[in-house]
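Residues per chain are reported as follows:
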Amino acid sequence: MSGSVETGSVLSPVTADDVDLAVRLAVGILRDAPPEGWGRRAGSLEWDCWETVEHLANDLLYYAVQLGPQSPPLDTHVPFALRQKRPDGPMVFVYAERDAGPAGLVQVLESCGALLVAMVRTTPHQVRAHHAAGVSDPEGFAALGLQETLVHMHDVAEGFGLVWTPPSSLCSRVLARLFPDAPGGADPWLTLLWATGRAELPERPRLATWRSDSTPRS
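What counts and what doesn't
- Residues numbered from 1 in each chain as written.
- Predicted model: local features only at pLDDT ≥ 70, side-chain atom pairs only at ≥ 80, totals over all residues.
- Heavy atoms only, no water.
- Disulfide = S-S within 2.5 Å.
- Buried < 20%, exposed > 50% of the residue type's maximum accessible area, 1.4 Å probe, protein only.
- Phe/Tyr/Trp six-rings, centres within 6.5 Å; stacked < 30°, edge-to-face > 60°.
- Helix = DSSP H or I, 4+ residues; strand = E, 2+ residues; numbered from the N terminus.
- Axes fitted to C-alpha atoms, helices over the stretch in contact; angles between N-to-C directions.
- Parallel < 35°, antiparallel > 145°, perpendicular 65-115°, else oblique.
- Contact = heavy atoms within 4.5 Å.
- Nonpolar A, V, L, I, M, F, W, Y, C, P; charged D, E, K, R; others polar.

S.K.: Just to check I follow, could you spell out the state of the cysteines for this structure?
M.R.: By definition, a disulfide links the sulfur atoms of two cysteine residues through a covalent bond. Using the criterion set out here, one finds zero disulfides in the structure. For the unlinked cysteine Cys112, the closest cysteine sulfur is that of Cys49, found at 18 Å. Since its relative accessible area comes to 6%, Cys112 is described here as buried. Of all cysteine sulfurs in the structure, the one in Cys49 sits closest to Cys171, which takes part in no disulfide; the separation is 20 Å. Judged by relative accessible area, Cys171 falls into the buried class, the value being 0%.

Next comes the structure, spelled out in structure tokens:
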């Protein structure tokens, strides 16, 4: 992978096709993941690889449903009830059947990604809906879904000992949309990992806290 984030450059917006590509790449990696690795810790997270992929599927579905109501709420999320399977596990509202095994979990991820792709493609661009990172538009939810897919697959790949290097173009568009103040000049993938608290950059230590900005761009 090559390329850099250029400060002040104009990038095309994040699209449903970007989310579709990222999910397809993730599914391709996960289908070849070793069966014994699903219980391993996912990178620097407190969750295992199964929990992290289940969380990612929930994220994608969560972003899709925020755009679903005819008049989406702007002050809070659509009130699906969130639960934890265990005290330190992720908050989720849909679960993959354990008896279906990893192949079933990957199908759940693929299906949730497809729903977000469809909602981003069909929701008018002027629609706004609530998110903790800022009231957002369909492109913003696409960017959030793309961010979650890219960085959580990094976590999962670390747990499995696999290589995950997404396309620079996807990373650059996420940075431009959600992290407009991220430093330029470095590899976009490394910069995205830095922006989400997962890596260091030259003369920039790893972030202890971070926040994306999903508010619409002019």
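That shown, we press on.
S.K.: Could you clarify how one ought to interpret the packing of aromatic side chains in this entry?
M.R.: How two aromatic rings sit relative to each other is given by the distance of their centres and the angle of their planes. Within the structure shown, the criterion is met by six aromatic pairs. Here Phe179 and Trp210 contribute two aromatic rings whose centre-to-centre distance is 6.2 Å and whose plane-to-plane angle is 50°, an arrangement assigned as tilted. Of the two residues, Phe179 is situated in the loop between helix 5 (168–178) and helix 6 (188–195) and Trp210 in the segment after helix 6; the sequence distance between them amounts to 31 residues. Residue Phe179 is classed as buried on the basis of its relative accessible area of 8%. Residue classification places Trp210 among the partly exposed positions, given a relative accessible area of 34%.

S.K.: I'm lost on the packing of helix 4 (residues 138–160) against helix 6 in this one. Help?
M.R.: Helix packing for two helices is described by the angle between their axes and how far apart those axes are. Interhelical geometry of helix 4 versus helix 6 gives an angle of 85° and a closest axis separation of 11 Å. With respect to each other, helix 4 and helix 6 are oriented roughly perpendicular. On helix 6, the residues touching Leu150, Val151 and His154 of helix 4 are Trp189, Leu192 and Leu193. Looking at side-chain class alone, the contact of helix 4 with helix 6 contains five nonpolar, one polar and no charged residues.

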